[in-house]
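Fold and contact review
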Amino acid sequence: MRVPMTWLREYVDLPSDVTARDLAARLTLAGLEVETVDELGSDITGPIVYGRILAIEELTGFKKPIRFCRVDVGAANGTGEPQEIVCGARNFSEGDLVVVCLPGAQLPGGFRIGARKTYGKTSAGMICSATELGLWEDHEGIVVLPEGFGGVGADAIGPLGLREDVLDIAVTPDRGYALSLRGVARDAAALYGADLRDPAAVDVPEPAGEGCPATVDARLCGRYVLRGVSGFDPEAPTPLWMKRRLHQSGVRPISLAVDVTNYVMLELGQPLHAWDRSTITGTLQVRAAARGEKLETLDHVKRTLDPDDIVIADDSGPVNIAGVMGGLTTEISLASTEVLVEAAHFGAMHIARTSRRHQLSSESSRRFERGVDSAVQLAAATRAVGLLAELGGASVEAAYTHVDRSAAREPIRIPADHASAVAGTDYPAGTAERWLRTMGCEVAADGDALAVVPPTWRPDLTDPNDLAEEVIRLEGYENIPSIPPVVPSGRGLTADQRLRRAVGRTLAATGYNEVLCYPFVGERDLDGLQLAADDARRVSMRLANPLSEEEPLLRTTLLPGLFKTLARNVGRGFPDVALFETGLVYRPKPGATRAPLLPVDRGPSAEELALIDAALPDQPRRVGAVLAGAVERRGWWGPGREALWADAIQAARDIARVAGVELEVAADEHAPWHPGRCAALYVRSGGERLLVGHAGELHPRTVKAFALPERTAAVEVELDLIERARGAVTAPRVSTYPVATQDVALIVGESVPVGAVSAALAQGAGELLESIRLFDVYTGEQAGPGRKSVAFTLRFRAHDRTLTAEETGAAREAAVASAVEHTGAVQRA
Amino acid sequence: MSAPNNSFDPVEVAPLHPDEVARMREEALAAIAAAGDLDELKEVRLAHASDRSPLALANREIGALPPAAKADAGKRVGGARRDVGQALKARQAVLEAERDERVLVEERVDVTLPWDRAPLGARHPLTAIAERMADIFVGMGFDIAEGPEIEAEWFNFDALNFLPDHPARTMQDTFFVENPDGGESGLVMRTHTSPVQVRALLERELPVYVVAPGTTFRTDELDATHSPVFHQLEGLAVDKGITLAHLRGAIDAFVGAMFGEGLRTRFRASYFPFTEPSAEVDMECFACRGASVGDPDAPCRTCSSEGWIEIGGCGVVNPRVLTAAGVDPEVYSGWAFGLGIERTLMFAHGVRDMHDMVEGDIRFTSAFGSES
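Model, not experiment: these values are computed from the prediction. (Residues numbered from 1 in each chain as written. Chains lettered and ligands numbered in written order. Predicted model: local features only at pLDDT ≥ 70, side-chain atom pairs only at ≥ 80, totals over all residues. Heavy atoms only, no water.)

Observations regarding the packing of helix H1 (residues 18-34) of chain B against helix H4 (residues 67-106) of chain B
Pairs of packed helices are described in terms of their axes, by the angle between the two and the distance that separates them. Residues and elements named next belong to chain B. Between H1 and H4, the shortest axis-to-axis distance is 10 Å and the interhelical angle comes to 5°. Taken together, the axes of H1 and H4 are roughly parallel relative to one another. Across the interface between the two elements, Pro18, Val21, Arg25, Ala28, Leu29, Ile32 and Ala33 from H1 touch Arg76, Val77, Ala80, Asp83, Val84, Ala87, Leu88 and Arg91 from H4. Considered class by class, the residues forming the contact of H1 with H4 number 11 nonpolar, no polar and 4 charged. (Axes fitted to C-alpha atoms, helices over the stretch in contact; angles between N-to-C directions. Helix = DSSP H or I, 4+ residues; strand = E, 2+ residues; numbered from the N terminus. Parallel < 35°, antiparallel > 145°, perpendicular 65-115°, else oblique. Contact = heavy atoms within 4.5 Å. Nonpolar A, V, L, I, M, F, W, Y, C, P; charged D, E, K, R; others polar.)

Have a look at this one:
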């Protein structure tokens, strides 16, 4: 809502020293957020004066007709001689009163005017158009003022209102009343304790007979007013002041009849519609649209109406989508002499739905859906026809239509100290009553309670806290004290919250940089992952309104985002990158139905919540990491080391280690990993083996699809499952007896996983085994064809004694025997 | 054992002559002093302090002396040998110290050489600052609550008093979610962390004091100040008899801990369907503390010379929200706030462009270390 200060001051006696910025600051604190204060014309400097066209000489021989004018500007040019000005406009005649910008002046936008040679003449200044003066946009030529508007040579800047401060207010959805000068004036008056002149206080005589016949569906429209004028001069111009104010308020001037309806809308907040009455046939009906009814609206769009739309129809069918936009056939035209003005109070929710359904937002619908005054219609229509009469030479018809289906509002009962209790401060007795009355409420004291009937222009005031807010904001939010809350002692972070942080810190400490990727993916990404047609990860929730049609799906894996981010970093000159992300993926539940909209007048039942849960996709938290290039750099110490599949698996081990969980690794074939370099990762939870994710080197086709460096490795694990496998850690007994170390070298088949050999050794070694570690793998001649040599260090230690050589030897033998039995190993000589 | 040789005349044993002992002592001491390094000293030790050295040989002669002469000669030779031993030890210490000094100098390295073989990574500054923000409230006694990112419309809107057709519902540009078959799901990408308020009230015993950091989604195209995916920190307190003043107290404590003590805050009346009364929260600009207002010569980048920085929205929990969450608004009241995590990071670290926070460029991330 744009509010010109001089217009506002017509309704509220603000102290004269209050600037637009002062007012803006006060309004903003009180809930009318002034986004900007536009100081229109602040860069204008004179002399800009009235002038009279004395003589026009038509210059010919140019591409367009040009006029060389002699203009009387009185003494404003210092000489009293006529000013000679070249002008391209043609909409004026000798004797016309015009606006002249003399050399040295500056127009809006820093446009400086001087004397210059043009079209073979010297042009000493400019005869101004409305656009050049910043008054409004038009292409009709220069401004020709009505006779008597001002004296020749006198300053025109002030009288034309070229300088104006305009407040641009971002009105919140609850404060529909502030979409009017009247509403803003009321708040401004309250904040400064100034008197308010309500522009809706219009004398409305009783109707002298029946107006235009109308039938009204009371469920759709609470009040319906039609007032007519006849003998309207369709060519009567809109006065300069009205056009200027409309323009300053962001509304384009069109014609007097339309401008008047817009002007009154800005003034009172009541949207009005003006018809050419001669185009209306029979009775006007305010009713729901019939299914399939059609209407071509003013914007030349043919619309099919919905039974939920409110229409105004005459005997020929719909003529308006009520409260949103008029129909084309009944549009007021430059020939209309009989004008019918409609002021109605339509159901806010209907207008909101219609506006959304037809994607039609207008100044009218914006006001209706935020709530307009349910009683101002008669005043607004009367004000409008009054202006049409005054400015358009029309006569107001004394008969009019007024259908009142509005219901009286029930009072809201609040404790007298309710605002104090909400704010946490003690307002003096009577404070609430005083402010609520200032806002237009009827307040009746009833012991310690107040019965408050909000005014008709405040449909947003429905609850006790709405009233508290009015009191608190007018008392000043800045006066709310600051009192530290007394919070019961908390429980700190949950185990999984702590785990998540620890995992992030660990990955960061092992070289990975955290990224936060968008969860939007497309089919192309899933194809790039080489997912089979029936892969569960292809079943994804989708956005009805994605930002990009290429990415309408919600991720079922973290990998695509990580891949793209890795490729971006490589593209920016960082070939050695390790990235990780912790985030949710979205896995639809098969056969999920629509989540219900539960009632809000009570808490939901367990069954109702279960229905919502069943509709929500599973949203497990995962950790993904991807790395390429050197994980260890080369340098003065020697060569570096390239990232490989093992780094990705180790990242998973580290994550599990942080959680205190043992990770089991087994070979697997799983997209998007290289089928020979992919590990399935498991944890144990209550005897159950849970697959928590995969790691390894990426499939070469995936590498290509995402333009990744060769041999890029990746891991993705489900943190929620690792969390589930966590148990309480029992502290180990730390033995201080000496360790006995034994090395074991075994020959096994090349396909036997080292993990299996290690597990078999550990199983056989028994309780004395403290640790086992692989220190060498060798394939080659000495191992024999199809075989490999693996070498382990076993460390033995007892809790209660120093182990004898015999004990250690026996344990070693048992370990080897187990490996022989389970993996077909042969001990190397 | 032979009988004592009483007839032996000590003066006739030349090596035990006092002059001779003194000479041997002097010779040894001179050699020790002349030893230039540990190797030379080793040779000197062999020559003057070993079993074959003149003093050691002289010492052997003492046994053959008559008893009356033994004590005198023993004293003389013993004194000389002790002096030589001490001199050797002292010289050894000096030469070792010299050697150590030299070796340590020779082993000097260039400590400015880099050792970035395996550089550290970093956490994302948004993660780190979100934790820091949450932890300020955890320190006050709040717990951390969570909820799903794909959320039922009922939780995201209806339960928060967004009426089905109210303009406020369309004010937040919502991503609507469909089932995989394209069917209606009744779900949205949560447009704010506020649905966690309702979940917390349904899941927890009263009173409830929680904060909920989380990812939120709106259909804004990515530009310098907007991102379709962003982060909020929600706060909720529901208890008996709590007020806007407590809300302000909590916000003040947060601002003090996050941006510096003594910064003023300011509430501006505003509107959110789920709070009534509602307010926007501004804090005094921590960079200029208001000094830039009206001073065109010293403009403030942080607050655009406004003097205030908007950090979030807040208000008294609308009793209708309590009702929808099964809490009796006649008994309990509450307040809630929502703080923008991107905004906080932008202010705290001078981040200029949203792109930097979403693109995952390692230069941006690693600049912060792992704490923001």
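Resuming the write-up.
Topic: the pattern of salt bridges
Scanning the entire structure with this criterion turns up 85 salt bridges over all chains. For A:Arg572, the salt bridge identified is with B:Glu359, shortest N-O distance 2.8 Å. Highlighted residues: A:Arg572 in the loop between helix H16 (559-571) and strand E33 (577-584) and B:Glu359 in the loop between helix H12 (354-358) and helix H13 (362-366), drawn from two different chains. Relative accessible area serves as the criterion here: at 18%, B:Glu359 is assigned to the buried category. (Salt bridge = Lys/Arg side-chain N within 4 Å of Asp/Glu carboxyl O. Buried < 20%, exposed > 50% of the residue type's maximum accessible area, 1.4 Å probe, protein only.)

With respect to the sheet that holds strand E28 (residues 449-453) of chain A
Residue and element names in this part refer to chain A. Spatially, 3 strands are ordered E26-E28-E27 in an open sheet, and the strand pairing comes out antiparallel. The outermost strands of the open sheet, each flanked by one partner alone, are strand E26 (412-415) and strand E27 (442-446). Across the sheet, the mean angle from the axis of one strand to that of its neighbour is 25°, orientation sign disregarded. Judged from the 5 bridges that link them, E27 and E28 form a sheet pairing that is antiparallel. Within the sheet, the bridge partner assigned to Ala444 lies in E28 and is Ala451. Against the sheet, helix H12 (residues 431-438) engages E26, E27 and E28, with an angle of about 160° to E27. Docked against the sheet, helix H13 (residues 464-475) engages E26 and E28, running at close to 60° with respect to E26. (Pairing = 2+ DSSP bridges.)

Topic: the interface of chain B and chain A
Listed per partner, the contact involves 106 residues of chain B and 107 residues of chain A. Of the roughly 8,700 Å² buried where chain B meets chain A, counting both sides, 59% is carbon and sulfur surface. On inspection of chain B and its partner chain A, the count reaches 11 salt bridges. Viewed at the interface, chain A and chain B are joined by 44 residue pairs in polar contact (both at pLDDT 80 or more). Of the residues assigned to the side of chain B that touches chain A, the class counts are 51 nonpolar, 26 polar and 29 charged. (Buried area = accessible area lost by both parts, 1.4 Å probe. Polar contact = N/O pair within 3.5 Å; in protein donor to acceptor, adjacent residues only side chain to side chain.)

Concerning H16(A)
Residues and elements named next belong to chain A. A rise of 1.5 Å per residue sets the reference length of H16, with its 13 residues, at 18 Å; its end C-alpha atoms lie 18 Å apart and thus fit the reference within 8%. Where H16 is concerned, the buried positions are Leu559, Pro560, Gly561, Leu562, Phe563, Thr565, Leu566 and Asn569. Gly573 sits one or two residues past H16 and shows a positive phi near 95°. (Expected span 1.5 Å × (residues − 1).)

Notes on the packing of helix H2 (residues 20-29) of chain A against helix H5 (residues 181-192) of chain A
All names here are of chain A. The geometry of H2 relative to H5 is characterised by a closest axis approach of 10 Å and an angle of 95° between their N-to-C directions. Classified by the angle their axes make, H2 and H5 are roughly perpendicular. Facing H2, whose interface residues are Asp22, Leu23, Arg26 and Leu27, H5 presents Val184, Asp187, Ala188, Leu191 and Tyr192. Residues of the contact of H2 with H5, tallied by class, amount to 6 nonpolar, no polar and 3 charged.

Side note on the nonpolar core
Among the nonpolar cores identified, the biggest contains 140 residues, and A:Leu167, A:Ile472 and B:Phe337 are the most heavily contacted of them. Element by element, the count of residues in this core is highest for helix H9 (residues 244-259) of chain B, at 9 residues. Filtering out sequence-adjacent residues up to four positions away, A:Ile472 remains in contact with A:Ala419, A:Val422, A:Ala423, A:Tyr427, A:Tyr477, A:Ile480, B:Leu244 and B:Pro277. (Core = buried A, V, L, I, M, F, W, Y, C linked by side-chain atoms within 4.5 Å.)

Some points on the pairing of strand E16 (residues 272-276) of chain A
Judged by how many residues are buried, E16(A) sits mostly within the fold: 5 of 5 residues are covered. Residues of E16(A) alternate between two faces, with A:Leu272, A:Ala274 and A:Asp276 on one and A:His273 and A:Trp275 on the opposite face, all of them buried.

Remarks on a nonpolar patch on the surface
A cluster of nonpolar side chains, namely A:Trp636, B:Leu113 and B:Trp115, defines an oily patch on the protein surface of about 370 Å² accessible area. Along the chain, the position of B:Trp115 falls in the loop between H4 and helix H5 (125-140). With relative accessibility at 54%, the residue B:Trp115 sits in the exposed group. (Patch = residues over 30% accessible without salt bridge, like charges linked within 9 Å, V, L, I, M, F, W, Y side chains within 5 Å. Areas by Shrake-Rupley, 256 points an atom, 1.4 Å probe, with all protein chains shown as cover.)

Points about the packing of aromatic side chains
Tallied over the entire structure, the rule returns 23 aromatic pairs over all chains. Relative to A:Phe149, the ring of A:Tyr50 lies with its centre 6.1 Å away and its plane at 65°, an arrangement referred to as edge-to-face. Here the residue A:Tyr50 occupies a position in strand E3 (residues 48-59), and A:Phe149 occupies one in the loop between strand E12 (144-145) and helix H4 (157-160), the gap between them amounting to 99 residues. Residue classification places A:Phe149 among the partly exposed positions, given a relative accessible area of 31%. Centre to centre, the rings of A:Phe520 and B:Phe175 are 5.2 Å apart; their planes meet at 50°, and the pair counts as tilted. Residue A:Phe520 is found in strand E30 (residues 520-521), and its partner B:Phe175 is found in the loop between helix H7 (167-171) and strand E3 (176-178); the two belong to separate chains. Assigned by exposure class, A:Phe520 and B:Phe175 land together as buried. In textbook terms, an aromatic cluster arises when at least three aromatic residues are bridged by ring pairs, as seen for B:Phe137, B:Phe142, B:Tyr209, B:Phe254, B:Trp335 and B:Phe337. When the ring centre of A:Trp435 is taken as origin, the NZ or CZ atom of A:Arg434, which lies over that ring, is 4.7 Å away. (Phe/Tyr/Trp six-rings, centres within 6.5 Å; stacked < 30°, edge-to-face > 60°. Lys NZ or Arg CZ within 6 Å of the ring centre and 35° of its normal.)

Observations concerning empty space enclosed by the protein
In this approach, a probe sized like a water molecule rolls over the atoms, and the result shows the empty space that is left. Applying the stated criterion to the full structure yields 3 cavities of 30 Å³ or more. The volume enclosed by the largest cavity comes to roughly 790 Å³. A:Thr582, A:Arg621, B:Thr127, B:Thr215 and B:His231 are, among the 42 residues lining the largest cavity, the residues nearest its centre. For the lining of the largest cavity, the elements supplying multiple residues, two or more each, are helix H14 (495-509) and E33 of chain A together with H5, strand E5 (208-217), strand E6 (229-239), helix H11 (341-349) and H12 of chain B. Residues that form the lining of the largest cavity fall into these classes: 21 nonpolar, 9 polar and 12 charged. (1 Å grid on protein atoms, 1.4 Å probe; cavity = no way out; pocket = protein on both sides within 12 Å on 5 of 7 lines; lining within 4 Å. Points joined across faces, edges and corners; volume = space filled by probe spheres on them.)

Concerning the environment of A:Arg223
Residue and element names in this part refer to chain A. Its place among the elements puts Arg223 in strand E15 (residues 221-230). As a C-alpha pair, Arg223 and Ala419 span 196 residues in sequence and 33 Å in three-dimensional space. Not counting residues within four places of it along the chain, the set of residues in contact with Arg223 comprises Ala343, Ala344, His345, Ser374, Ala375, Gln377, His402, Val403, Asp404 and Ser406. Here His402 takes part through its side chain, which lies 3.0 Å from a polar atom of the side chain of Arg223.

Quick look at the sheet that holds strand E44 (residues 826-827) of chain A
Residue and element names in this part refer to chain A. Pairing within the open sheet is antiparallel, and its 4 strands lie in the order E42-E43-E41-E44. The sheet terminates laterally at strand E42 (769-778) and E44, the two strands that pair on one side only. One ladder, built from 10 bridges, connects strand E41 (residues 740-749) with strand E43 (residues 787-796); its direction is antiparallel. Residue pairing for E43: Val748 is matched across the bridge by Lys788. Sitting on the sheet, helix H21 (residues 754-765) is in contact with E41, E42 and E43, with an inclination near 35° to E43. Packed on one face of the sheet, helix H22 (residues 805-823) meets E41, E43 and E44 and runs near 15° to E41.

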